[in-house]
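Given next are the chains, with one letter for each unit.
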Amino acid sequence: METGIACCARGAFLPNLSSQHSTALMSPSFATRSLKASSLFGESLRQFPKSSVKVASRPKSVPLKTRCEIGDSLEEFLTKATPDKGLIRLLTCMGEALRTISFKVRTASCGGTACVNSFGDEQLAVDMLADKLLFEALRYSHFCKYACSEEVPELQDMGGPVEGGFSVAFDPLDGSSIVDTNFSVGTIFGVWPGDKLTGVKGSDQVAAAMGVYGPRTTYVLALKDFPGTHEFLLLDEGKWQHVKETTEIGEGKLFSPGNLRATFDNPDYDKLINYYVKEKYTLRYTGGMVPDVNQIIVKEKGIFTNVTSPSTKAKLRLLFEVAPLGFLVEKAGGYSSDGRRSVLDKVIENLDERTQVAYGSKEEIIRFEETLYGSSRFKSGVPVGAAV
């Protein structure tokens, strides 16, 4: 069986995974432009063999005079948003992988396997498929030095440079346990400069993104040196189109409360949830962190919480989920908190570090901190948010 994976930039296909379902889901005009799968990204990558890639020192941030427009393709947007060609390359390759994961989520097996990852989580077939695609995309970008994922939580050498290169941490398919119920799920990743994924902070990221696989497939990304968080829609022909820019998260009665079992022995969290109910907030919670946080960026309002208690320990991982999503929310004009500070200010000490978290508007984060800890950093002279 011919193998392949959809490649947006030039209609190529990536190897090692069946293209039978992927090509069936693409429009005829896109499928006819497909190239033979003799490399991960086909012709798109063969034009840039690793031996010919020139790695220069990362350019200093410079103001870009060209304005990014709604309707731009992903490639047009990135070219305007950053002078770093290595970062453009990496984010484009990840976009190609996200598109294929979207196709595969619709058709891949949702049954459990006999495998568990090193964190003890059961791995589903679709988890491992997404994991493989993303590692391959990073390897063939030629600009990723190290990568690790929730499924493979050890540093993997991707062959890229240290100087001018990046290290990437990702959750390949957050919410995979609800794929069979046809809820939206997604991919999360953060990009750090150089070869370090520990001893760094979320604020050190140069970019972060999530892929959202639902009724629409979107690629939501933010870059450190470019304002806003930006949404790209996957079109029928397989291209990403810029459809939304978010620069402000305002006030609005929308809440998404995770880990509600913690209200049993965390009276402060119970008090906060009761406040939302009493004040007639609209409940919007799916159990998938990607869609639940994405709605804050899209609707430009609301609050997401996931709080711990003596009997329910922290589940969300700082490196793979919390820091990248915190970067997206704060670049969109929102705020994040672990109860006392921005999650982007937390040093990532180890790959499995976990934390509680809240994302939302400024007033909602103040309410979160004051309810859980009696005071808020925003009322004590502490700088608002992290420097992103």
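Keep in mind the model is a prediction, meaning the values are calculated, not measured.

Chemist: Please explain the packing of helix H5 (residues 85-107) against helix H6 (residues 125-141) as it appears in this structure.
Modeler: How two helices sit against one another is set out by the angle between their axes and by the gap between those axes. At a minimum axis distance of 9 Å, the contact between H5 and H6 shows a crossing angle of 160°. Compared by their axis directions, H5 and H6 come out roughly antiparallel. In this structure, H5 crosses over H6, and the sense of that crossing is right-handed. Residues Arg89, Leu90, Cys93, Met94, Ala97, Leu98, Thr100, Ile101, Lys104 and Val105 of H5 lie in contact with H6, whose contacting residues are Val126, Leu129, Ala130, Leu133, Leu134, Ala137, Leu138, Tyr140 and Ser141. Its residues placed into classes, the contact of H5 with H6 shows 15 nonpolar, two polar and two charged.

Chemist: Which parts of the structure should I look at to understand the nonpolar core?
Modeler: The nonpolar side chains of a soluble globular protein tend to be buried, and buried together. Phe189 and Tyr219 are the most contacted members of the largest nonpolar core, which has 47 residues in total. Considering each element in turn, this core owes the most residues, ten residues, to H5. In contact with tyrosine 219, other than residues within four places in its own chain, are Leu74, Leu91, Met94, Gly95, Leu98, Phe189, Ala209, Met210, His230, Glu231, Phe232 and Trp240. Within the second largest apolar cluster, 35 residues are counted, among which are Val200, Met289, Val322 and Phe327.

Chemist: Can you help me understand the sheet that holds strand E12 (residues 229-234) in this one?
Modeler: Sheet strands pair via backbone hydrogen bonds, and the direction of the pair is either parallel or antiparallel. Ordered in space as E6-E5-E7-E8-E10-E11-E12-E13, the eight strands form an open sheet in which the pairing is mixed. Lying at the two open borders of the sheet, with one neighbouring strand each, are strand E6 (156-157) and strand E13 (240-246). Of the pairings in the sheet, the one linking strand E8 (residues 185-193) to strand E10 (residues 207-213) comprises seven bridges and is antiparallel in character. Bridged to phenylalanine 189 within E10 is alanine 209. Strand contacts of helix H4 (residues 74-81): strand E11 (217-223), E12 and E13, with the helix running at about 5° to E11, the strand carrying the most contacts. Helix H9 (residues 318-331) rests against strand E5 (144-149), strand E7 (166-174), E8, E10, E11, E12 and E13 of the sheet, and its axis sits at about 85° to E8.

Chemist: Sorry, what's going on with the sheet that holds strand E16 (residues 301-306) here?
Modeler: Ordered in space as E15-E14-E16-E19-E17, the five strands form an open sheet in which the pairing is mixed. Sheet topology places strand E15 (282-283) and strand E17 (335-337) at the edges, where each strand pairs with a single neighbour. Two strands pair when backbone bridges link them, and strand E14 (residues 250-258) and E15 are joined in this way by two bridges, in the parallel orientation. Looking across to E15, one finds that phenylalanine 255 is bridged to leucine 283.

Chemist: Can you help me understand the pairing of E10 in this one?
Modeler: Counting buried residues in E10 gives seven out of seven residues, a clear majority hidden from the surface. Across the two faces of E10 the burial is the same, with Ala207, Ala209, Gly211 and Tyr213 and Ala208, Met210 and Val212 all buried. Judged from the seven bridges that link them, E10 and E11 form a sheet pairing that is antiparallel. Looking at E11, one finds that alanine 207 is bridged to leucine 223. Hairpin connection from E10 to E11: three residues lie between these consecutive antiparallel strands.

Chemist: Mind showing me how you'd approach the pairing of E13 here?
Modeler: As a general feature of sheets, a regular strand has side chains that alternate between the two faces. Across six bridges, E12 lies against E13 in antiparallel orientation. Residue pairing across strands places leucine 234 opposite tryptophan 240, the latter belonging to E13. Count of turn residues in the E12/E13 antiparallel hairpin: five residues, of which glycine 238 carries a positive phi of about 95°.

Chemist: What's the story with the packing of helix H7 (residues 267-278) against helix H10 (residues 362-373) in this structure? I'm lost.
Modeler: Taken N-terminus to C-terminus, the directions of H7 and H10 make an angle of 140°; their axes are 8 Å apart at the nearest point. Judged on the interaxial angle alone, H10 and H7 are oblique. The hand of the H7/H10 crossing is right-handed. For the pair H7 and H10, contact is made by Asp268, Tyr269, Lys271, Leu272, Tyr275 and Tyr276 and by Glu364, Arg367, Phe368, Thr371 and Leu372, respectively.

Chemist: Whenever I open this one, the packing of aromatic side chains confuses me. Can you help?
Modeler: Here the distance between the centres and the angle between the planes together describe a pair of aromatic rings. Following the criterion strictly, the structure yields twelve aromatic pairs and no others. Summarising the aromatic geometry, the rings of phenylalanine 77 and phenylalanine 226 are spaced 5.7 Å apart at their centres and angled 90° between planes, so their arrangement reads as edge-to-face. Taken together, the residues span a long stretch of sequence, with phenylalanine 77 in helix H4 and phenylalanine 226 in the loop between E11 and E12 at a distance of 149 residues. This pair shows no difference in class: phenylalanine 77 is buried, exactly as phenylalanine 226 is. Seen in terms of ring centroids, phenylalanine 255 and tyrosine 281 are 6.2 Å apart; in terms of plane orientation they differ by 85°. Their pairing is edge-to-face.

Chemist: When you look at H6 in this model, what are you seeing that I'm missing?
Modeler: Owing to its 3.6 residues per turn, the α-helix aligns residues three or four sequence positions apart on the same side. Across its 17 residues, H6 extends 25 Å between first and last C-alpha, which sits within 8% of the 24 Å expected from 1.5 Å per residue. Most of H6 sits out of view: twelve of its 17 residues are buried. Along H6, the residues that are buried comprise Val126, Asp127, Leu129, Ala130, Asp131, Leu133, Leu134, Phe135, Glu136, Ala137, Leu138 and Ser141. Just downstream of H6 lies histidine 142, where phi reads positive at about 70°.

How each quantity is defined
- Residues numbered from 1 in each chain as written.
- Predicted model: local features only at pLDDT ≥ 70, side-chain atom pairs only at ≥ 80, totals over all residues.
- Heavy atoms only, no water.
- Axes fitted to C-alpha atoms, helices over the stretch in contact; angles between N-to-C directions.
- Helix = DSSP H or I, 4+ residues; strand = E, 2+ residues; numbered from the N terminus.
- Parallel < 35°, antiparallel > 145°, perpendicular 65-115°, else oblique.
- Left-handed = near helix turned anticlockwise from the far one by under 90°.
- Contact = heavy atoms within 4.5 Å.
- Nonpolar A, V, L, I, M, F, W, Y, C, P; charged D, E, K, R; others polar.
- Core = buried A, V, L, I, M, F, W, Y, C linked by side-chain atoms within 4.5 Å.
- Buried < 20%, exposed > 50% of the residue type's maximum accessible area, 1.4 Å probe, protein only.
- Pairing = 2+ DSSP bridges.
- Phe/Tyr/Trp six-rings, centres within 6.5 Å; stacked < 30°, edge-to-face > 60°.
- Expected span 1.5 Å × (residues − 1).

The values reported here are purely geometric and, on their own, carry no functional implication.
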